[in-house]
2 protein chains.
Amino acid sequence: MSAKNAFYAQSGGVTAVINASACGVIETARRHPDRIANVYAGRNGIIGALTEDLIDTSQESDEAIAALRYTPSGAFGSCRYKLKSLEANRREYERLIEVFKAHDIGYFFYNGGGDSADTCYKVSQLSESLGYPVQAIHVPKTVDNDLPITDNCPGFGSVAKYIATSALEASYDVRSMAKTSTKVFVLEVMGRHAGWIAAAGGLIEDHDIPVLILFPEIEFDQARFLAAVKAKVEQHGYCTVVVSEGAKYPDGRFLAEQGTRDAFGHAQLGGAAPVVANMVKDATGYKFHWAVADYLQRAARHLASKTDVEQAYAMGRAAVEFALAGHNAVMPTVKRTSNDPYAWEVGEAPLSQVANVEKFMPREFISEDGFGITAACKQYLIPLIQGEDYPPFEHGLPKYVTLKNAPVERKLGAFEL
Amino acid sequence: MSAKNAFYAQSGGVTAVINASACGVIETARRHPDRIANVYAGRNGIIGALTEDLIDTSQESDEAIAALRYTPSGAFGSCRYKLKSLEANRREYERLIEVFKAHDIGYFFYNGGGDSADTCYKVSQLSESLGYPVQAIHVPKTVDNDLPITDNCPGFGSVAKYIATSALEASYDVRSMAKTSTKVFVLEVMGRHAGWIAAAGGLIEDHDIPVLILFPEIEFDQARFLAAVKAKVEQHGYCTVVVSEGAKYPDGRFLAEQGTRDAFGHAQLGGAAPVVANMVKDATGYKFHWAVADYLQRAARHLASKTDVEQAYAMGRAAVEFALAGHNAVMPTVKRTSNDPYAWEVGEAPLSQVANVEKFMPREFISEDGFGITAACKQYLIPLIQGEDYPPFEHGLPKYVTLKNAPVERKLGAFEL
């Protein structure tokens, strides 16, 4: 069998460890030059494939590729671009195959969440029917932890570690100040649909921190919430609130959508944290502080979970190994084999069962009152944040890599997105 | 000379390393039992002294005190409580002396910023005139870096390292996403009066990140700012903005005070970051994300600067050594003796020159256009963020200490604050 090229692309929101998966893909491919001639990366994700804007990763040194393991973000660029259904836009899928054919690409590694799993699956199906079969392997990635079958998604463990650590540190701060100043600290975290990230905030309860969590899965009940805050402050002198950006009222409105207007009458896009903080202040008079972690949480490679880094790398490596073993339309998964001590191995899931399935927090992971997490949830979460994997630092800052990202020469005409 | 007790209190906003100073004070005092019998800490800062709510630090093990070195926040509680002037409230100063006398306290170590330096100075003066002389030593602490004479303040270096690292990581994230999604990322940082913390964001320029800084020292010019954002995005595809919470319009209004109202007409307390982000969106249409680091930045012991930790500890140790050498009404300082390689030693400043003097960013540290920092500023900042000093972790989270904080038996009647 002659060597084919591989195509690798990053999709959707990036994470602290998606480049560790890229590292796993490229380093493993480099060990099999007889089977994989070169890895071409899509510049800005799948858009790079559609527009034939490919990056020649063979121009990067082994050191640069190794540095991907500890560099956050998407080294080749990512995109938010969802391919439409085959029926609605067959043209895009055909273009992908055309580009793959032009560049002798036999392997398609797509690193993303649910949408990209779906795209990956379709590419595999269509390539077959178009007579240019491509082995399509999906590499799981999402801070939201919402992919099915896999025990957890690379990217999530590091955000969870960051949020739990940050909430712990800020809670110590508030505890110091509560006598005369801040009594309530509100931290807004990501997770528009699923409360996995917010749940990580619940881990600080075991450090004696009074914490309340507002999950997207639990309808927000303002009166019950305010009573819970008061009870915590009366008992402990202070309270930390972790609010998911996806927390919403029973009518489906997000907490963040408060119809606020600026001085000119423009609708003001705020966060959920200031809304919750002001709500507490209005009802109780407690002094508050709030933070919105936003990109800081998913980019915080300096505090990545070692477990997460290892799994992200392993998913990239396994994707290539699956491809070399002839598998198609599959995704490597993390399979938990033991809780204590935590042990895991690489599993495999057919993309037909992954595409378009979202995994939510099980209700039994959320405490009965809806404001905390259960022992089962802690048992699930704690292994995922285990271990530290610090990047190298230089002059006081992390020394992350920026690749050359040299283009591959184009062979086809332009393509309108 | 018989042994006296020492009183130690933490004042104002806490930091990632104020407990390292406490560690320096207590460990050094413990090495001189012939001179310092015991260190009593004020529960919740100076309020603990006024209300005779003292903590007996001798109840804490050597291990617990050593753990203060890597535990953020104020281990004994802090407070925002400014003693009035001697004329306006002589009663409070007299009460302090009364408490010190009742507990045989001969040394007063006050760990804080400008206000507490002033209090410390007054206590020293008044104790003399009341016939119970106390040696009052101020231990510098403030994330705002606004104390005079000392080259920098313990607490600042770690915030600077956190902000520069976070801005760098988030910028990598934005760079990945900019093709189809977020083009402008806005990070709000602390520093109501002085732009030192915001300046730290400028360090990422040397990592090829297009960054604009909004300083409190520079009047905000909306048209110039928006033009600068557009220029950066057109050149680089994206842009990071670091905005100080203290950034303001020429008329003195803070950017954060936009007169925003919620659906019920209540004034909405927002941050400067969403205001700036929405302003950019309205003018350019660029998709944005924003973060407000708030307490996360000053509590982030997990990413403390090693230099900062060492200096914080050294200030605590020097305070005790100064006291033992008979000094009074002074503050240990950080004295920079060399830039490259960076070297520093402990200096000493009379409190009469420290109290009520605020140090602002020199104009020559801010670039001519007002949106960046100069080479001189970088030369000043880089040594302060040098080195990492990670806390121990357990089960994936930092293992910080919570002290027993056992009370000292009261000897006096109650006191109304």
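Residues numbered from 1 in each chain as written. Chains lettered and ligands numbered in written order. Predicted model: local features only at pLDDT ≥ 70, side-chain atom pairs only at ≥ 80, totals over all residues. Heavy atoms only, no water.

1. Concerning the overall build of chain A
And step 1. For chain A, the count of helices and strands is 13 helices and 13 strands.
And step 2. Compactness check: chain A gives a C-alpha radius of gyration of 23 Å against a globular reference of 22 Å for 417 residues, within 12% of the reference.
And step 3. The buried share of chain A, taken over its 417 residues, is 64%.
And step 4. Counted over contacts in chain A with a minimum sequence separation of 6, partners at least 24 positions apart contribute 76%.
And step 5. Per element, the accessible surface of chain A, about 14300 Å² overall, is 49% carbon and sulfur.
And step 6. Here chain A holds 41 positive side-chain charges and 50 negative ones, and the gap between their average locations is 2 Å. (Helix = DSSP H or I, 4+ residues; strand = E, 2+ residues; numbered from the N terminus. Rg over C-alpha atoms; globule rule 2.2 N^0.38 Å. Buried < 20%, exposed > 50% of the residue type's maximum accessible area, 1.4 Å probe, protein only. Contact = heavy atoms within 4.5 Å. Areas by Shrake-Rupley, 256 points an atom, 1.4 Å probe, with all protein chains shown as cover. Lys, Arg positive; Asp, Glu negative; His and termini not counted. Charge placed at Lys NZ, Arg CZ, Asp CG, Glu CD.)

2. Examining the interface of chain A and chain B
And step 1. In this complex, chain A contributes 79 residues to the contact, which on the side of chain B involves 79 residues.
And step 2. A buried area of about 6400 Å², summed over both sides, lies between chain A and chain B, and 60% of it is on carbon and sulfur atoms.
And step 3. Connecting chain A to chain B are two salt bridges.
And step 4. Salt-bridge contacts for Arg298 of chain B lead to Asp173 of chain A; the nearest nitrogen and oxygen are separated by 2.7 Å.
And step 5. At the boundary of chain A and chain B, one finds 29 residue pairs in polar contact (both at pLDDT 80 or more).
And step 6. The element best represented in the side of chain A that touches chain B is helix α6 (residues 156-177) of chain A, accounting for 14 residues.
And step 7. For the side of chain A that touches chain B, the class distribution of residues is 37 nonpolar, 29 polar and 13 charged. (Buried area = accessible area lost by both parts, 1.4 Å probe. Salt bridge = Lys/Arg side-chain N within 4 Å of Asp/Glu carboxyl O. Polar contact = N/O pair within 3.5 Å; in protein donor to acceptor, adjacent residues only side chain to side chain. Nonpolar A, V, L, I, M, F, W, Y, C, P; charged D, E, K, R; others polar.)

3. Description of the UniProt feature "binding site: diphosphate" (unreviewed entry) in chain A
All names here are of chain A.
And step 1. The UniProt record marks Gly13 with the feature "binding site: diphosphate" (unreviewed entry), using the residue numbering of this structure.
And step 2. Following the sequence through the fold, Gly13 ends up in the loop between β1 (4-10) and α1 (18-30).
And step 3. Taking relative accessible area as the criterion, Gly13 reaches 12% and is therefore assigned buried. (UniProt positions renumbered as here; feature names shortened; annotations may be inferred.)

4. Focus on the relation of the copies chain A and chain B
And step 1. Its rotation angle being 180°, the transformation that places chain A on chain B also includes 0.0 Å of axial translation and leaves an RMSD of 0.0 Å. Within this description, the copies of the chain are treated as partners about a two-fold rotation axis. Measuring from the rotation axis to each C-alpha of chain A, the shortest distance belongs to Val292 of chain A, at 2.5 Å. (Least-squares fit on C-alpha atoms with pLDDT ≥ 70 in both.)

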